[in-house]
Amino acid sequence: MIFDLKDVFEGDGVSRVLSFELDLHDIQLDGSYPFSSPAKVTATASNKTGIVKLLIDADFKYSRPCDRCMKSLSEEMSYSFEHRLVTSLCGEDDGDYIETPDYHLELDELVTSDILLELPTKFLCSEDCKGLCMKCGKNLNDGNCSCDTRAVDPRLEVLKQLIDN
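Residues numbered from 1 in each chain as written. Predicted model: local features only at pLDDT ≥ 70, side-chain atom pairs only at ≥ 80, totals over all residues. Heavy atoms only, no water.

### Thoughts on the side chain of Ser32
As a reminder of what qualifies: The helix and strand labels rest on DSSP assignments: H or I over at least four residues marks a helix, E over at least two residues marks a strand, and numbering proceeds from the N terminus. Should any heavy atoms of two residues lie within 4.5 Å, those residues are considered in contact.
Inspection of the secondary structure puts Ser32 in the loop between β2 (15-22) and β3 (39-48). Apart from the residues lying within four places of it in its own chain, the contact partners of Ser32 are Ile27, Arg64 and Pro65.

So, in structure tokens, the structure goes:
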């Protein structure tokens, strides 16, 4: 989606709002496609005393398995992002600004990268999720399994064989 910002850059106190849906269904994360429906995006560009700010609000449904127990989860997420826009960059340390030399800004790529950078690195069903048993694969949130959970140092395995005999 192209956002035409010419009137915002040229007029102090001018604001423009653009709302659209961004299709993210083809993005794969950790072997799954977590975006089942388009993200609803609202972008607001405003010029206050010659400084153009872009505020982006993105709402979307995020579905993927818990990283510990593999339980399928679906969550409504909302993120807000803020960027400063300029028509040209002057120095090397201009990472805080987005350049729009022709007063047009491609929002699809910007919003997609903002969302992907903001997503949690660990997605858990709960903070105290116990995960799966490493031996039998049972979900430990549903109760304990009958597996022997005593960990034996592999270097001492030979001694354990002597005791068992």
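Picking up after the structure, the text goes on.
### A word on the pattern of salt bridges
Spelled out, the test is: Salt bridges are counted wherever a side-chain nitrogen of Lys or Arg sits within 4 Å of a carboxyl oxygen of Asp or Glu. Note on exposure labels: buried denotes an accessible area under 20% of the residue type's maximum, exposed denotes more than 50%, and partly exposed covers the range between, all computed with a 1.4 Å probe on protein chains only.
If you walk through the whole model with that rule in mind, you get 4 salt bridges. We note a salt bridge from Arg64 to Asp67, for which the minimum N-O separation is 2.9 Å. Asp67 sits in the partly exposed class, given a relative accessible area of 30%. Salt bridges sharing partners connect three or more residues here, namely Asp30, Arg64 and Asp67.

### Some thoughts on the packing of aromatic side chains
Selection criterion: Two rings belonging to Phe, Tyr or Trp (six-membered ring only in the last case) form a pair when the distance between their centres is within 6.5 Å. Interplanar angles under 30 degrees mark stacking, angles over 60 mark edge-to-face geometry, and anything in between is tilted.
Under the counting rule described, the total for this entry stands at 6 aromatic pairs. Note on Phe9 and Tyr103: the rings are 5.6 Å apart at their centroids and 55° apart in plane angle, and the pair reads as tilted. You can see Phe9 sitting in helix α1 (residues 6-10) and its partner Tyr103 sitting in the loop between β6 (97-99) and β7 (104-106), a full 94 residues away along the chain. By relative accessible area, Tyr103 is classed as partly exposed at 24%. Grouping aromatic residues by their ring pairs yields a cluster made of Phe35, Phe60, Tyr62, Tyr79, Phe81 and Phe123.

### Comments concerning a negative patch on the surface
Here is the rule: Within the patch definition used here, like charges are joined within 9 Å and nonpolar side chains (Val, Leu, Ile, Met, Phe, Trp, Tyr) within 5 Å, considering only residues with over 30% relative accessible area and no salt bridge. To be clear on the numbers: accessible area is Shrake-Rupley with a 1.4 Å probe, and residue cover counts the displayed protein chains and nothing else. Counting rule for charge: Lys and Arg are taken as positive, Asp and Glu as negative, and neither His nor the chain ends is counted. Charge positions are represented by NZ for Lys, CZ for Arg, CG for Asp and CD for Glu.
On the surface, Asp4, Asp7, Glu10 and Asp102 cluster together into a patch of negative charge. Structurally, Glu10 is set in helix α1. Here Glu10 falls in the exposed class, since its relative accessible area comes to 55%.

### Observations regarding unusual backbone geometry
The phi angle at Met70 is positive, at roughly 65°, despite the residue not being glycine. Structurally, the position occupied by Met70 is in the loop between β4 (51-65) and β5 (72-86). In the Ramachandran plot, Tyr103 falls in the positive-phi region, its phi being about 65° despite a non-glycine side chain.

Note that all results are geometric; they support no functional claim without further evidence.
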